[in-house]
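# Coordinate inspection notes
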Amino acid sequence: MNDYIWLLPPTHVSNSGDKLSLLDFNNLQIRTLAGPAEIGIDLLHAMDGERTEEEINGLDYASDLISVLEKYELIVRLQKPLSEILEGRIWASRQLAYYAQLTRRYPERCLEALADKRVAIIGLGGIGMQAAQALAGAGISGLILSDFDTVDASNLNRQFMLSTKDVGRLKVDVVREFLLDRHPHLEVDVHAINPFESPSDQWERGDLFLFCGESHLAGDANELITHKPVIQAGYIGKEGVVGPLRWVEKGTPCHSCATKQSTQYNEFYKSEVALRTSWNCSGSTINGLMGNILAEAATRVFMPWVGEALALNEAIYMDMKTLTMRRDIAGRDIECPHRVPSPSL
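Residues numbered from 1 in each chain as written. Predicted model: local features only at pLDDT ≥ 70, side-chain atom pairs only at ≥ 80, totals over all residues. Heavy atoms only, no water.

### Considering the environment of Gly 291
We apply this condition: Going along the chain from the N terminus, every DSSP run of H or I of four or more residues is numbered as a helix, and every run of E of two or more is numbered as a strand. Contacts: residue pairs with any heavy atoms within 4.5 Å of one another.
Of note, Gly 291 is situated in helix α12 (residues 284-300). If near-sequence neighbours (up to four positions away) are discounted, Gly 291 is found in contact with Ile 127, Gln 130 and Ala 131.

### Section: empty space enclosed by the protein
Here is the rule we go by: Grid points spaced at 1 Å over the protein atoms alone were grouped into cavities, where a 1.4 Å probe fits but cannot get out, and pockets, open sets with protein on both sides within 12 Å along at least five of seven lines, with lining residues defined by an atom within 4 Å of a point. Grid points are joined across faces, edges and corners, and a volume is the space filled by probe spheres set on the points. Think of it as three bins: nonpolar holds Ala, Val, Leu, Ile, Met, Phe, Trp, Tyr, Cys and Pro, charged holds Asp, Glu, Lys and Arg, and polar takes everything else, Gly as well.
The tally for this structure, following the rule as stated, stands at one cavity of 30 Å³ or more. Considered as a void within the structure, the largest cavity measures approximately 40 Å³ in volume. Every residue along the wall of the largest cavity is listed here: Leu 8, Pro 9, Pro 10, Thr 11, Leu 23, Asp 24, Phe 25, Asn 26, Leu 74 and Gln 101. By residue class, the composition of the lining of the largest cavity is six nonpolar, three polar and one charged.

### Structural notes on the sheet that holds strand β14 (residues 324-329)
Under the convention used in this document: Strand pairing follows a simple DSSP-based rule, namely that at least 2 bridges must link the two strands. Convention adopted: a line fitted to C-alpha atoms gives each axis, helices being fitted over their contacting stretch, and angles between N-to-C directions are expressed from 0 to 180 degrees.
If you trace the eight strands from one edge of the open sheet to the other, you get β9-β8-β7-β10-β11-β12-β13-β14, paired in mixed fashion. At either end of the open sheet lies a strand with only one pairing partner, and these are β9 (187-191) and β14. Pairs of neighbouring strands in the sheet enclose a mean axial angle of 15°, with direction left out of account. The sheet contact formed by strand β13 (residues 314-319) and β14 spans six bridges and is antiparallel. Following the sheet pairing, Asp 319 is matched in β14 by Thr 324. Relative to the sheet, helix α8 (residues 171-182) contacts β8 (142-146) and β9, its axis offset from that of β9 by approximately 175°. Along the sheet, α12 makes contact with β10 (208-211), β11 (230-236), β12 (239-246) and β13, crossing β11 at roughly 165°.

### Topic: the packing of helix α7 (residues 126-138) against α12
Threshold: Throughout, the term roughly parallel applies to angles under 35 degrees, roughly antiparallel to angles over 145, roughly perpendicular to angles from 65 to 115, and oblique to all others. Each crossing gets its handedness from the near helix: less than a right angle anticlockwise from the far helix is left-handed, clockwise is right-handed.
The contact between α7 and α12 brings their axes to 7 Å, and the two run at 45°. With respect to α12, the axis of α7 lies oblique. The interaxial crossing formed by α7 with α12 has right-handed handedness. Of α12, the residues touching α7 (which contributes Gly 126, Ile 127, Gln 130, Ala 131, Ala 134, Leu 135 and Ala 138) are Asn 287, Gly 288, Met 290, Gly 291, Asn 292, Leu 294, Ala 295, Ala 298 and Thr 299.

### A closer look at the sheet that holds strand β1 (residues 4-7)
With respect to topology, three strands assemble into an open sheet ordered β5-β1-β6, the strand pairing being antiparallel. Edge strands, defined here as strands with exactly one partner in the open sheet, are β5 (48-52) and β6 (75-78). Here the strands of the sheet are splayed against their neighbours by 30° on average, with no regard to which way each runs. The pairing of β1 with β5 spans two bridges and is classified as antiparallel. Each bridged residue has a counterpart across the sheet, and for Tyr 4 the counterpart in β5 is Thr 52.

As structure tokens, this is what we get:
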């Protein structure tokens with residue numbers, strides 16, 4: 001009874017004078033509410049996240065209406081007033097509404113879970129930039145960014161944080177400026193290096209690692225991240241991929257062991273010959289889509305009450321030609337002394 005009641009946004013209401021209806025997006029149905037329309041409107045206005053269930057139940061028809069709306073999963077419960085949750089971070093209002101779609105009970109926990117987490121992103125290409133922006137908007141508190149590349153005009157079709165005036169600058173500097181201008185709550189540490197060639201104590205602060213760069217860089221990963229969760233993302237031709245999520249605490253092999261056992265690829269890239277016009281097939285849409293799916297998978301690492309971790313020991317593929325998705329189990333037979341046995345894997 002002490003929960004604060006918030007009508008699930010966006011709930012659309014229609015008042016025809018003699019009846020009150022709600023558009024239930026969850027089931028794509030119009031729900032007609034019993035009782036006087038005028039009283040119903042007042043009650044719905046009262047469910048603004050600022051009043052407790054006990055306070056609202058003091059109004060006529062309130063308890064019956066709350067029961068009906070709860071049945072349709074249109075009631076969100078908060079642990080404190082909505083205005084208090086959003087105080088000093090009004091930018092999070094729409095994100096909180098999204099989290100309410102994932103969990104009706106205490107969605108503010110999602111913001112709280114991200115508020116003290118740092119994600120390390122290796123590679124600030126199209127996918128890495130999309131993931132960085134999405135994570136900042138989701139409420140992550142800190143990003144550790146690594147990319148030793150400079151801005152090239154060929155980046156501009158997909159790397160939305162860049163402009164023509166940035167050509168020649170370090171990507172990490174441009175991305176940091178963009179993110180801090182848009183998200184002043186964020187802490188951003190940048191490194192214009194391969195983090196595994198020049199390890200830094202900064203990387204120990206990362207709670208999660210995202211590999212969004214050239215795939216052979218992932219093979220250079222050292223023991224620094226053996227016990228950290230790691231997600232890879234990229235594309236192979238017209239097919240985008242997110243995953244697998246390697247997380248020893250959840251029973252998967254660690255990222256280091258998984259990459260070290262991909263010896264054929266590691267050896268291939270060490271002796272690769274660059275061809276002058278063999279460009280990366282880096283389209284704008286595939287980068288945007290995979291970067292945002294990667295960010296969603298990343299946030300869910302920190303929100304176990306929402307559901308199972310996404311891409312755990314599996315790769316999610318999206319065929320951009322047909323917009324069909326498939327999943328493949330990854331690394332079940334990889335030997336790793338660090339993994340914690342899990343019956344589900």
